[in-house]
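# Residue-level structural notes
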Amino acid sequence: MRRALLAGLALGLFAVAGTAAAQAPRPPANDYARDEAWLCRPGRSDACDLDLTATVVAANGAFSRESWTRHPAPEVDCFYVYPTVSADTAPNSDMVPGAEERAVVSRQLARFGQVCRIFAPLYRQITIPALRRMTAGEDVPVDRDLAYGDVRDAWRHYLARENQGRGVILFGHSQGASVLKRLIQEEIDGKPAQARVVAAYLLGANVLVPKDKDVGGDFRAMPLCRSRDQLGCVVTYVSFRERAPPPANSRFGRTTAEGMQVACTNPAALGGGRATLNPVFGARSMHPTAAPPPPWVTPDRPVDTPFVKVPGLISGICVSDDNGSYLAVRVEADPADPRTDEISGDHLANGAVLPDWGLHSLDVPVAMGDLVELASDQAAAWRARR
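On to the sheet that holds strand S16 (residues 324-331), then. Judged by pairing direction, the sheet is mixed, and its four strands sit side by side in the order S10-S16-S15-S12 without closing on themselves. With one partner strand each, in any of the chains shown, strand S10 (239-241) and strand S12 (275-276) form the two edges of the open sheet.

Attention shifts here to the environment of Arg254. Tracing the chain through its elements places Arg254 in the loop between S10 and strand S11 (260-262). Along the backbone, Arg254 and Cys40 are 214 residues apart, and their C-alpha atoms lie at a distance of 33 Å. Here Arg254 is in contact with Asn206, Pro246, Pro247, Ala248, Val262, Asp322, Asn323 and Gly324, once residues within four sequence places are set aside. A distance of 2.9 Å separates the side chain of Arg254 from the backbone oxygen of Pro247, its partner in a polar contact.

Pairing is mixed in the open sheet, where four strands are placed in the order S3-S2-S14-S13. Two strands in the sheet have a free side with no partner beyond their single neighbour: strand S3 (63-66) and strand S13 (281-282). Bridge count between strand S2 (residues 54-57) and S3: four bridges; the pairing is antiparallel. Bridged to Val56 within S3 is Ser64.

Turning next to unusual backbone geometry. Pro299 follows Thr298 through a cis peptide bond whose omega is -5°. Secondary-structure assignment places Pro299 in the loop between S13 and strand S14 (307-309). One non-glycine residue with positive phi stands out, namely Ser174, at about 60°. Exposure remark for Ser174: the relative accessible area of 0% places this residue in the buried category.

What follows is about the side chain of Asp153. Within the secondary structure layout, Asp153 lies in helix H4 (residues 144-163). Accessibility expressed as a relative area gives 19% for Asp153, which makes it buried. Every residue in contact with Asp153, bar those within four places of it in the chain, is listed here: Ala29 and Tyr32.

The subject of this paragraph is the state of the cysteines. Summed over all chains, the structure comprises four disulfides. The disulfide partner of Cys78 is Cys116, and the S-S distance across this bridge is 2.1 Å. Looking down the S-S bond of the Cys78 and Cys116 bridge, the torsion is -95°, so its handedness is left-handed. Separated by 38 residues along the polypeptide, Cys78 in strand S4 (residues 76-81) and Cys116 in strand S5 (residues 116-121) bring together distant segments of the chain. Each member of the pair, Cys78 as well as Cys116, carries the same accessibility label: buried. Each sulfur of the disulfide joining Cys225 and Cys233 lies 2.0 Å from the other. One quick way to see it: the torsion about the S-S bond of Cys225 and Cys233 is about 95°, and its sign makes the bridge right-handed. We note that Cys225, like Cys233, is buried. Numbered by position along the chain, the disulfide-linked cysteines of the protein connect as 1-2, 3-4, 5-6, 7-8.

Interaxial distance between H4 and helix H5 (residues 175-188) falls to 10 Å at its minimum, and their mutual angle equals 60°. On the basis of the axis angle, H4 is oblique to H5. Crossing angle aside, the handedness with which H4 passes H5 is right-handed. On the side of H4, the interface is formed by Asp145, Ala147, Tyr148, Val151, Arg152, Trp155 and Arg156, while H5 contributes Gln175, Val179, Arg182, Leu183, Glu186, Glu187 and Ile188. When its residues are assigned to classes, the contact of H4 with H5 shows seven nonpolar, one polar and six charged.

Looking now at helix H3 (residues 128-135). Among the residues making up H3, those that are buried are Ile128, Pro129, Ala130, Leu131 and Met134. Two or three places before Ala130, at the opening of H3, Thr127 has a side-chain oxygen 3.2 Å from that residue's backbone nitrogen. Phi for Gly137, located one or two positions after H3, is positive at around 95°.

Moving on, we come to the nonpolar core. Phe79, Phe112 and Tyr201 are the most contacted members of the largest nonpolar core, which has 101 residues in total. Tallying contributions element by element places helix H6 (residues 368-385) first for this core, with eight residues. Apart from the residues within four sequence positions on either side, Phe79 is in contact with Trp38, Phe119, Pro121, Val151, Ala154, Trp155, Tyr158, Val168, Ile169, Leu170, Phe171 and Leu180.

With 20 residues, H4 should cover 28 Å at 1.5 Å per step; its first-to-last C-alpha distance of 26 Å lies within 8% of that length. One side-chain oxygen of the residue at the start of H4 lies 3.2 Å from the amide nitrogen of Asp145, identifying that residue as Asp143. Positive backbone phi, at 50°, marks Gln164, one or two positions downstream of H4.

A word on the pairing of S4. Here S4 lies mainly inside the structure; six of its six residues are buried. Side chains Val76, Cys78 and Tyr80 of S4 all project onto a buried face; the interleaved residues Asp77, Phe79 and Val81 project onto the opposite face, where all are buried too. Sheet topology places S4 next to S5; four bridges connect them, and they run parallel. In the sheet register, Val76 faces S5, and the bridge partner there is Cys116. Read from S4 through helix H2 (residues 99-108) to S5, the crossover connection turns out right-handed.

Attention now moves to the environment of Asp94. With respect to the helices and strands, the residue Asp94 is situated in the loop between S4 and H2. Since its relative accessible area comes to 39%, Asp94 is described here as partly exposed. In the structure, Asp94 is positioned 56 residues away from Trp38 in sequence and 13 Å away in space, judged by C-alpha atoms. Those residues in contact with Asp94, other than ones at most four positions away along the chain, are Asp88, Tyr123 and Arg124.

What counts, and where the lines are drawn
Counting restarts for each chain, with residues numbered from 1 along the sequence as it is written. Reporting in this predicted model follows two pLDDT cut-offs: at least 70 for local features of residues, and 80 or more for side-chain atom pairs to be given and counted; totals over whole chains, interfaces and linings ignore these cut-offs and use all residues. To obtain the side-chain values, all non-hydrogen atoms of the structure were included, while hydrogens and water were left out. DSSP bridges decide pairing: two strands pair if at least two such bridges lie between them. Helix and strand assignments come from DSSP, with helices taken as H or I runs of at least 4 residues and strands as E runs of at least 2, each series counted from the N terminus. Residue contacts are counted whenever heavy atoms from the two residues lie within 4.5 Å of one another. Distance and chemistry together define a polar contact, namely a pair of N or O atoms within 3.5 Å, with one atom able to donate a hydrogen and the other to accept it when in protein, and with adjacent residues in sequence counting only for side-chain atoms on both sides. Whether a residue is buried, partly exposed or exposed follows from its accessible area with a 1.4 Å probe, protein chains only, as a fraction of its type maximum: under 20%, in between, or over 50%, in that order. Cysteine sulfur atoms that come within 2.5 Å of each other are treated as a disulfide pair. Helix axes are fitted only over the stretch in contact, all axes being lines through C-alpha atoms; the angle between N-to-C directions runs from 0 to 180 degrees. Here is the rule for angles: anything less than 35 degrees is roughly parallel, anything more than 145 is roughly antiparallel, 65 through 115 is roughly perpendicular, and the remaining ranges are oblique. With the far helix as reference, a near helix turned anticlockwise by less than a right angle produces a left-handed crossing, and one turned clockwise produces a right-handed crossing. Under the scheme applied, nonpolar residues are Ala, Val, Leu, Ile, Met, Phe, Trp, Tyr, Cys and Pro; charged residues are Asp, Glu, Lys and Arg; polar residues are all the others, including Gly. Working definition of a nonpolar core: buried Ala, Val, Leu, Ile, Met, Phe, Trp, Tyr and Cys residues. They are joined through side-chain atoms within 4.5 Å. The span one expects for a helix is its residue count, reduced by one, times 1.5 Å. Handedness of a crossover is defined as follows: orient the strands so they point away from the viewer, and if the path from the first strand over the helix to the second runs clockwise, the crossover is right-handed.

Below, the structure written as structure tokens:
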């Protein structure tokens, strides 16, 4: 099952070949006017209605408790597309959310309710079992257009019925980021809808730009974000430990496209350079294919909240070198203090680290606080310009 989960994450790059599903009858389109077509949407209790309380673990080992509250009247929206998580056995998932869809929302999305109204459509994504079969060399009739068409239909419904002139942050990870990349290319980039976009956060997928440029490549009109009040721009990165950069066979951070490189924007330092990151980790689980986190302090003390913050422990810098272009993550360990000197998060297969994955499933948690703060700053810039 670990290998299946790992294989599913690769879909962010659509790198695995499968049999086209054009021969089979196309399932009917979803009706996104129906409440049950959404994993999260405003005005109801759903997968985004969670306890997001965090224990803050200081360098001296002290614990404090940080509560979280949803914004009572946000002026911008977030439109989120989740990564490959479905455990459904069919090539494309159904429209019934399972525990896996709800779990990824807790790790990646719900905290953005501090800034925006959240819209997260269900969509018939390529599933983890399908990716497992494809990586084993089997022809599988996956339907990528079905997955994309669902998100496109949800976006069109949102624009027509829900947006009402509001700014919107597009946010996706891995498969979700790749689907959003296509959506931007076909429905937003250089078109009237771009005027509604506060920013696009496309994490854990390769977004290409010409070398040393901020616009071009995958998008004609939407540049990379280089300041915290810049609007209509893109934040994107793939994360690796600084001591373990992308290997030659990496799925992320490398491209063979002539004159192009994978874009990297550090949400804690859009202008460049190293910066302290503000991660929010699961207190007892980093993600399903990682080792459990080590004790947060020594001697070990129980943590009774779902999440943990470790201020000052993690830093990151965008690097572009012979290994690729990526967010290099470093643990700023101090062996003299009682706080942990390491984090888990590497993908494992039979207990061995898979270096080509880097910290893929931590792309969002490793900078969660920075992403939410950036969203808040860009929302404020949107309000000021309105």
